[in-house]
Amino acid sequence: MTYHDRLQIIRMTLYMNSMGLRNIHTLNRPYAGLVKCLTVLFILFSTQCFKYINWNPTYAGWCSYFIYAFIAGWTFLYRNRLSTIYMPLKKELWMLIILFLLGNLMRIILNTGYSLYDERQYIFGISVFLFYYIFYVYNMEEQDIIEIFLVIALCVFCIQIFQIVFPEGAIFGIYDEEKRISSRMVAEVRNGIYRFRLPGVLFTLFCLYYYWNKLLVRIRWKDAILFSVLFASMYLYLTRQIIFATLFTLAFSFLFIRNSSTKLKAIAIITACGLVALYFISDLFGEFYTRTLNESNAKNIRLISLKFYWEKIVSSPFSFLFGYGHPQFLQKWAKLGLYSNDIGFIGEMFHYGLLWILFYFYTVYLIVLKYGRMLPLYIRLFVFGTSVNSILIFPYRAAGEYFVWASMLYIASLYIARYQTIVIENNTEKYAGISIG
């Protein structure tokens, strides 16, 4: 440890003591139960109640403005209390918000075809990142957030099973009326299973990695059952890129483990699961492989979309840096099968520009590498796994996904703060004799 590092530790200790920050959290723990309930309701709202067939987007849109304004107003109201709380990733959170708003400002100034009205839903929606502060004020614990996520993930699983068994009663994540009439089906069929387009996969993945982390520490029946349920739910989304990224992340999760005995346990479990998967590989992944092979031999609409949007991105330095937002002609392109949300971070770059994407990968670097030893395995796996998947599916594109990312940053902040506090306490006495100028 260098002399400068020692000075920084002592300065941080004095700052935390002067601000009363030795206990990282604040007050109002009695309200945590209410906050959890309200948070679950918000998630249901942000996912359109799992894409309920009779969801009214017009009324929901009006309500969303009130909800987003309330979140922003609440954060402003508690700004003085929040200023006394030590939050390690606060700057990163604000960089997300500032980059988003800067992009919109630059598009207003430089692009005469840009409509702030068309972008209103996204501009208001960025306030969901402020849940990071709500959790701090109400002293939410890691387990509180895991419980919220698990409730959502288990609801999705129950819906998946019910609608697969009774497709005639499906009311969540199904085709719109026009497509149901034309196809005479409620949803696409993949691998002989109905593929319902349910939102919430990030909640499932977050919990999946959490219970994988727990299994590697100690194998318990409860954790094994929950992991199996979550893994099945992940598979039942029937999205090839999600399945591949998850299997890839789980298979190489031992590389993130320092403890040798835990690493050996991880390798043993991965090997056992791999052998079981190989036995059923044709049943589980046969059609996926055939479909992928056929797409590679034919015109792949995703590759066409990637080329199309990339040409738009590089058409000018401005669009390259700040993107186009969500112009109305996106709907026209979508009718041609050119979807920006099907091409991962390239699609996001079309909307928000290079700076937005670079900061995302910088955050991945912070969580996986820079702060990796301070964080639990499941946080690193979640961020790494979603970054692998970001080639085709970007991890945060809408309010529900903003919430998951903000929650991840909050939990990571708790662990970083605890680690730094321990380091500070261990070194304060040791270097107490050094002058801090």
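Residues numbered from 1 in each chain as written. Predicted model: local features only at pLDDT ≥ 70, side-chain atom pairs only at ≥ 80, totals over all residues. Heavy atoms only, no water.

## Points about the overall build of the chain
Of regular secondary structure, the chain possesses 22 helices and two strands. With 437 residues in all, the chain has 49% of them scored as buried. Contacts in the chain between residues at least 24 apart in sequence constitute 80% of all its contacts with a sequence separation of at least 6. Accessible surface for the chain amounts to roughly 22300 Å². Of this, 65% is attributable to carbon and sulfur atoms. (Helix = DSSP H or I, 4+ residues; strand = E, 2+ residues; numbered from the N terminus. Buried < 20%, exposed > 50% of the residue type's maximum accessible area, 1.4 Å probe, protein only. Contact = heavy atoms within 4.5 Å. Areas by Shrake-Rupley, 256 points an atom, 1.4 Å probe, with all protein chains shown as cover.)

## As for the packing of aromatic side chains
Summed over all chains, the structure comprises 60 aromatic pairs. With 6.0 Å between their ring centres and 50° between their planes, F149 and F403 make a pair best called tilted. Of this pair, F149 sits in helix α9 (residues 142-165) while F403 sits in helix α22 (residues 399-428); the two residues are 254 residues apart in sequence, bridging distant segments of the chain. With relative accessibility at 0%, the residue F149 sits in the buried group. A residue is classified by how much of its surface remains accessible, and F403, at 1% relative accessible area, is buried. Ring geometry for F318 against F322: centres 5.9 Å apart, planes inclined by 40°, an arrangement best described as tilted. Within this pair, F318 and its partner F322 are both found in helix α17 (residues 317-322), separated by four residues, close to a single helical turn. (Phe/Tyr/Trp six-rings, centres within 6.5 Å; stacked < 30°, edge-to-face > 60°.)

## Topic: helix α2 (residues 32-46)
For α2, spanning 15 residues, the distance from its first C-alpha to its last is 21 Å, which sits close to the expected 21 Å at 1.5 Å a residue. Along α2, the residues that are buried comprise A32, V35, T39, V40, F42, I43, F45 and S46. (Expected span 1.5 Å × (residues − 1).)

## With respect to the environment of L93
Along the polypeptide, L93 turns up in helix α6 (residues 90-110). When sequence neighbours within four positions are dropped, the list of residues in contact with L93 reads F129, Y132, Y133 and L409.

## Description of the packing of α2 against α9
Contact pair α2 / α9: the axes reach a minimum separation of 10 Å and the direction vectors enclose 40°. As judged from the angle between their axes, α2 and α9 are oblique. Crossing of α2 over α9 shows right-handed handedness. Here α2 contributes K36, T39, V40, I43 and L44 to the contact with α9, which in turn contributes D144, E147, I148 and I152. (Axes fitted to C-alpha atoms, helices over the stretch in contact; angles between N-to-C directions. Parallel < 35°, antiparallel > 145°, perpendicular 65-115°, else oblique. Left-handed = near helix turned anticlockwise from the far one by under 90°.)

## Comments concerning the environment of M374
Within the secondary structure, M374 is located in the loop between α20 (354-370) and α21 (377-389). We classify M374 as buried; its relative accessible area is 14%.

## Quick look at the confidence of the model for the chain
In this model, the chain carries a mean pLDDT of 85, and residues with pLDDT of at least 70 account for 84%. Per-residue pLDDT stays below 50 along residues 3-11; that stretch engages in 16 contacts with residues further than four places along the chain or on separate chains. Low confidence marks residues 14-28, where pLDDT is under 50. Its contacts with residues over four positions away, or in another chain, come to 37 contacts. (pLDDT = per-residue confidence, 0-100.)

## Section: the packing of α9 against helix α11 (residues 201-217)
Working note: a packed helix pair is described by the angle between its axes plus the distance between those axes. Packing of α9 against α11 brings their axes to within 8 Å, and their N-to-C directions diverge by 125°. With respect to each other, α9 and α11 are oriented oblique. α11 is crossed by α9, and the crossing has left-handed handedness. Between α9 and α11, the residues in contact are E142, Q143, I146, F149, L150, I152 and A153 and F203, T204, F206, C207, Y210 and Y211, respectively.

## A look at the pattern of salt bridges
Inspection of every chain in the model, using the stated rule, returns eight salt bridges. D223 is paired through a salt bridge with K214; the nearest N and O atoms lie 3.7 Å apart. Its relative accessible area of 4% is what places D223 among the buried residues. Between R302 and D342 there is a salt bridge, and its shortest N-O distance comes to 3.9 Å. (Salt bridge = Lys/Arg side-chain N within 4 Å of Asp/Glu carboxyl O.)

## So, the nonpolar core
Residues F129, W356, F382 and W405 are the most contacted members of the largest nonpolar core, which totals 122 residues. Once residues lying within four places of it in the same chain are set aside, the contact partners of W356 are L96, L99, F100, I126, E348, F394 and Y396. (Core = buried A, V, L, I, M, F, W, Y, C linked by side-chain atoms within 4.5 Å.)

## Observations regarding a nonpolar patch on the surface
Nonpolar side chains collect at one region of the surface, where W94, I98, L102, L105, I108, I109, L110 and L116 lie side by side and expose about 730 Å² of accessible area between them. Along the chain, the position of I108 falls in helix α6. (Patch = residues over 30% accessible without salt bridge, like charges linked within 9 Å, V, L, I, M, F, W, Y side chains within 5 Å.)

## Quick look at the side chain of E92
Relative to the helices and strands, E92 is located in helix α6. It turns out E92 is buried and unbridged, and the closest side chain with the opposite charge, K370, is 6.6 Å from it. With residues near it in sequence (within four places) discarded, E92 still touches F359, Y362 and L366. (Lys, Arg positive; Asp, Glu negative; His and termini not counted.)

## What about unusual backbone geometry?
For residues other than glycine, phi is negative in most cases, and the peptide bonds are mostly trans. Unusually for a residue other than glycine, C49 sits at a positive phi of about 50°. With respect to the helices and strands, C49 occurs in helix α3 (residues 48-51). The backbone phi angle of F50 is positive, close to 60°, even though this residue is not glycine. Among the secondary structure elements, F50 is positioned in helix α3.

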